[in-house]
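Residue-level structure breakdown
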Amino acid sequence: MNARFASARVCCLLILLQSVLFGLMDALLKIVYRDVPVSCFLAFRFLLAVLVFLAFWRGPILSDLKRAPLRRYLLPCVSMAASTVACNMAVHLTAVSTVGFLRSLSCALTPLLLIALRRRPCTARELVLCGLVMTGLYLLCAKNGLPVFGPGEILAFLAALLVACALICSADSLHYVSAVTLSFLQCVSACAICLVLGLVQDGFTAEGLISLCTPRNLSILIYGTLGCTVGGYLLQNIALSSLSARSTGLLQGTYPVCTAAAAWLLLGESMSASGIAGAALVLVCIWASAGDHAQTRSAHAPAAWPPHSARA
């Protein structure tokens, strides 16, 4: 039990690190998208990530793909890829703080989807903590009342829904493929989506490619590839091997806190007293729920893949 609790605590730290990486990236994306089309930047980011995975983990990835059925990992790959693309497009279209708030709704949508799809009820404690986190996120991100729902806000909410779906499905997929393989497949899916979008939207223009090659934008591209794509996806999928989807979604409530801090440092966006109070409320709730994260994946999860008889 102590080893399991320690492992869960480490996985909590992995999700918190992911939130820091993603929060910083949101502010940097606001800078790079002034010059480079979204689909162009993302296509190169995910293509480079795919090459990194193949360079370091080609053997284990191919081994997993040979034995795991496609249906066991297709949905979380497409969901996570589409979520990342939608979130990046939202950052380009609306305020970073608004995107952070709406994207973090996944911490509330995940338990709701579990209730609707898996018939797994929430405890009263979990519902209270989730409600307090959402209150804190609203105080943090909503400056002038509720955000107006334009195209950017719709995309950010769609990203939250897709993340919730990806968290639930990824927890099951990790019984069949490793965290590395799942992360690789999510990058492949995102790269395919971005290439199609780039071709449809004429995103691969000479001007955009030249702008991408500036030292500043190349630095952001490298950080996005290694820190947020390879690193971020791996951190999430490794954490899901010990944490439930519900716990992971709640921990990702720290993501907009990191986004607001990065926007304040890099973009000069101010934080009001209510925003600081909201950030503090989120962090207190995450800390209060830390003891609940020592759950392993559900006892109803499928058996490990392949069966022991097939491994002999």
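Residues numbered from 1 in each chain as written. Predicted model: local features only at pLDDT ≥ 70, side-chain atom pairs only at ≥ 80, totals over all residues. Heavy atoms only, no water.

A short note on the environment of Val163
- Turning to its location among the elements, Val163 is positioned in helix 7 (residues 151-173).
- Among all residues touching Val163, those that are not within four sequence positions of it are Ser83, Arg103, Ser106 and Gln252. (Helix = DSSP H or I, 4+ residues; strand = E, 2+ residues; numbered from the N terminus. Contact = heavy atoms within 4.5 Å.)

Some details on the side chain of Ser19
- Within the secondary structure, Ser19 is located in helix 1 (residues 2-32).
- Classification of Ser19 as buried rests on a relative accessible area of 2%. (Buried < 20%, exposed > 50% of the residue type's maximum accessible area, 1.4 Å probe, protein only.)

So, the confidence of the model for the protein chain
- When pLDDT is averaged along the protein chain, the result is 79; 82% of the residues meet or exceed 70.
- The lowest-confidence element of the protein chain is helix 14 (residues 308-311), averaging 35 in pLDDT; the highest-confidence one is helix 2 (residues 38-67), averaging 93.
- Predicted confidence is poor over residues 1-6, with pLDDT under 50, and the contacts of this stretch with residues over four places away or in other chains come to four contacts.
- Predicted confidence for residues 293-312 stays below pLDDT 50, and this span has 41 contacts to residues more than four positions away or in other chains. (pLDDT = per-residue confidence, 0-100.)

A short note on helix 8 (residues 179-200)
- The first and last C-alpha atoms of helix 8 sit 32 Å apart over 22 residues, in line with the 32 Å expected at 1.5 Å per residue.
- Backbone geometry just downstream of helix 8 places Asp202 in the positive-phi region, at approximately 55 degrees. (Expected span 1.5 Å × (residues − 1).)

Remarks on the nonpolar core
- Counting residues in each nonpolar core, the largest one holds 85 residues, and the members touching the most others are Phe41, Leu42, Phe46, Phe53 and Leu243.
- If we ignore the near neighbours within four places in the chain, the residues touching Leu42 are Tyr33, Val85, Asn88 and Cys194. (Core = buried A, V, L, I, M, F, W, Y, C linked by side-chain atoms within 4.5 Å.)

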